[in-house]
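# Understanding the architecture of this molecule
What follows is the residue order along each chain.
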Amino acid sequence: MANGQWYPPEWPERIRAHAEGTLTPVLPRRAATVMLLKDTGDPATGPIVHMLRRRASMAFAGGAYAYPGGGVDPRDDRDIRWAGPTRAWWADRLGVDGAGAQAIVCAAVRETYEEAGVLLAGPTPESVVGDTTGADWETDRAALVARELSFAEFLDRRGLVLRSDLLGAWARWITPEFESRRYDTWFFVAALPEGQRTRNASTEADRTVWIRPREAADRYDKGELLMMPPTIATLRELSPYGTAAAALAAAPARDLTPVLARARLVDGEIVLSWPGHDEFTKHIPTLPTPGGGPA
């Protein structure tokens, strides 16, 4: 049985065009996504992770399971109340400048709130907000989604401190150069704050689940769950950890070298691969020429 690797039907044609030099790569947009974990009380089976299923109608990865996430908002580089490692520390960790680091961390926290209703911020550097499901919270969340309100303005209006210490940078993946929608995405890990609960607040998702990483990976292997390579790769990496705290503790030592797919011509076929992740390698026959040979 085939696994659940997301593979758009237009990729072979775009890969060929890229190889021939007729396709100009789109510049990737910076983005962040968060693997939100919750302990089950059983270290033997480990924590569960919050995932959403993208609507089948979505142009990018429709029907695929993913984590809450989205693009960086340039407005989030203004001064905000900040707790945890400094912006300089995050800049070094993420491989960007200070303003870029703040915007990426803000994107991770904002998108988790927009799509899952979970907010990694509090009134003090040591606290986290409780229930965020009231009507006034929903009004602000809707304004954030509509980009009528920046996350920096949201935090300032509510007198909240962003808790960057509740995040751990886990991985960085860049959408292949031949894809029409490209993202330079930092993956973070975080634990569900006490007193908060997730909900499907995303207009881009038709279902959300809490699932053990190992179970989700097994269902991907059986072809039951559709996922993009970075999603299944990070799920496999989370599987060994018995608690959310253990995963967070491991994050600072994680290698954030960007993973970028590459395509090359080998023995008359295109080989699509992701360095360091052999399981995603694809072999794509080249188009036949009028004479019957490979293009």
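Here we summarise the structure given alongside this text. Computed from a prediction, not measured in an experiment: that's the story for all the values here.

### Digging into the side chain of Glu-114
On the secondary structure map, Glu-114 appears in helix α3 (residues 98-116). Residue classification places Glu-114 among the buried residues on the basis of a relative accessible area of 5%.

### Points about the packing of α3 against helix α4 (residues 135-145)
Contact pair α3 / α4: the axes reach a minimum separation of 10 Å and the direction vectors enclose 120°. Note on packing geometry: the crossing formed by α3 with α4 is left-handed. Residues Arg-110, Tyr-113 and Glu-114 of α3 pack against Trp-137, Arg-141, Leu-144 and Val-145 of α4. Looking at side-chain class alone, the contact of α3 with α4 contains four nonpolar, no polar and three charged residues.

### Description of the sheet that holds strand β7 (residues 161-163)
Taken in spatial order, the three strands make up an open sheet running β5-β7-β6, and their pairing is mixed. The open sheet is flanked by β5 (82-83) and β6 (121-122), the only strands paired with a single partner.

### Re the packing of helix α6 (residues 213-221) against helix α7 (residues 229-238)
Interhelical geometry of α6 versus α7 gives an angle of 135° and a closest axis separation of 8 Å. One element, α6, and the other, α7, form an angle in the oblique class. You can see that α6 and α7 cross each other, and the crossing is left-handed. In this structure, α6 uses Pro-213, Ala-216, Ala-217, Tyr-220 and Asp-221 to contact α7, whose residues at the interface are Ile-232, Leu-235, Arg-236 and Leu-238.

### Digging into the environment of Thr-234
Inspection of the secondary structure assignment puts Thr-234 in helix α7. As a C-alpha pair, Thr-234 and Leu-167 span 67 residues in sequence and 15 Å in three-dimensional space. Apart from residues lying up to four places away in sequence, Thr-234 is in contact with Met-35, Tyr-67, Trp-170, Ala-171 and Phe-187.

### Section: the nonpolar core
Core analysis: the largest hydrophobic core is formed by 42 residues, its most contacted members being Leu-94, Leu-119, Phe-154, Leu-167 and Phe-188. Elements that contribute at least two residues to this core include exactly β1 (29-38), α2 (87-94), α3, α4, α5 (151-158) and β9 (183-191). Top element by residues in this core is α3. It accounts for 10 residues. Not counting residues within four places of it along the chain, the set of residues in contact with Phe-154 comprises Tyr-113, Leu-119, Trp-137, Asp-140, Leu-144, Leu-149 and Leu-160. Counting residues in each nonpolar core, the second largest holds 39 residues, with Ala-66, Trp-173, Leu-225 and Ala-233 among its members.

Cut-offs used in this document
Residues numbered from 1 in each chain as written. Predicted model: local features only at pLDDT ≥ 70, side-chain atom pairs only at ≥ 80, totals over all residues. Heavy atoms only, no water. Helix = DSSP H or I, 4+ residues; strand = E, 2+ residues; numbered from the N terminus. Buried < 20%, exposed > 50% of the residue type's maximum accessible area, 1.4 Å probe, protein only. Axes fitted to C-alpha atoms, helices over the stretch in contact; angles between N-to-C directions. Left-handed = near helix turned anticlockwise from the far one by under 90°. Contact = heavy atoms within 4.5 Å. Nonpolar A, V, L, I, M, F, W, Y, C, P; charged D, E, K, R; others polar. Pairing = 2+ DSSP bridges. Parallel < 35°, antiparallel > 145°, perpendicular 65-115°, else oblique. Core = buried A, V, L, I, M, F, W, Y, C linked by side-chain atoms within 4.5 Å.

Any functional reading would require information that these geometric values do not contain.
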